[in-house]
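Chain by chain, the residues run as shown.
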Amino acid sequence: DYCAKANEFGANAIKFTNFISQGKAKKMNDAIIDRLIAYRIQLHMTQQDIADATGIKRANVTRIELKKNEASLDSLVRIAGSMGLKLNITLEEMK
């Protein structure tokens, strides 16, 4: 069960506060993608498994993982969800 296995990796959450406060959205996007790839591999899922679960074409999953184009928030949420993960974003005032 992909969802149960994904919960085992919850301790590996990434903190994005510094990326956002510094305005480095690309770096944050890349870090999310790297983490999603790691989860996918740990769960023994293929890019085709992700495509089938999300409705995103496999070629587009490949482009996202290769960071050819910046992934949309919708795509990242759908990919995370396909592995039983939830993508949280916190909006805070900058000081």
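For the structure itself, consult the block above.
Residues numbered from 1 in each chain as written. Predicted model: local features only at pLDDT ≥ 70, side-chain atom pairs only at ≥ 80, totals over all residues. Heavy atoms only, no water.

Okay, helix α3 (residues 25-42) next. Across its 18 residues, α3 extends 26 Å between first and last C-alpha, which sits within 8% of the 26 Å expected from 1.5 Å per residue. Looking at α3, one finds that the buried residues are N29, D30, A31, I32, I33, R35, L36, I37, Y39 and R40. Looking at the residues trailing α3, positive phi occurs at H44, about 60 degrees. (Helix = DSSP H or I, 4+ residues; strand = E, 2+ residues; numbered from the N terminus. Expected span 1.5 Å × (residues − 1). Buried < 20%, exposed > 50% of the residue type's maximum accessible area, 1.4 Å probe, protein only.)

For the rest of this paragraph, the subject is helix α5 (residues 58-65). Within the span of α5, buried status applies to V61, T62, I64 and E65. All buried residues of α5 fall inside an arc of 160 degrees around its axis, so they share one side. The inward-facing, buried residues of α5 abut α3, α4 (47-54) and α6 (73-82). Downstream of α5 by one or two residues, K67 has phi in the positive range, about 60 degrees. (Arc of directions from axis to C-beta. Contact = heavy atoms within 4.5 Å.)

Let us now look at the nonpolar core. The tendency in soluble globular proteins is for nonpolar side chains to be buried side by side. Grouped together as the largest cluster of nonpolar side chains are 18 residues, with contacts concentrated most on I33, L36, I50, L76, I79, M83 and L85. Of all the secondary-structure elements, those providing two or more residues to this core are α3, α4, α5 and α6. Beyond its immediate sequence surroundings of up to four residues, I50 is in contact with R40, M45, V61, I79, S82 and M83. (Core = buried A, V, L, I, M, F, W, Y, C linked by side-chain atoms within 4.5 Å.)

Right, let's get into the pattern of salt bridges. Under the definition given, this model contains three salt bridges. For E65, the salt bridge identified is with R40, shortest N-O distance 2.7 Å. Here E65, found in helix α5, pairs with R40, found in helix α3; they are 25 residues apart in sequence, far enough to count as distant. The burial state of E65 is the same as that of R40; both residues are buried. Among the ionic pairs, D74 bridges to R78, the shortest N-O distance being 3.0 Å. Taken together, the residues span about one helical turn, with D74 and R78 both in helix α6 at a distance of four residues. Under the relative-accessibility criterion, D74 is labelled partly exposed at 45%. Residue classification places R78 among the partly exposed positions, given a relative accessible area of 30%. (Salt bridge = Lys/Arg side-chain N within 4 Å of Asp/Glu carboxyl O.)

These results come straight from atomic positions and should not be treated as a statement about function.
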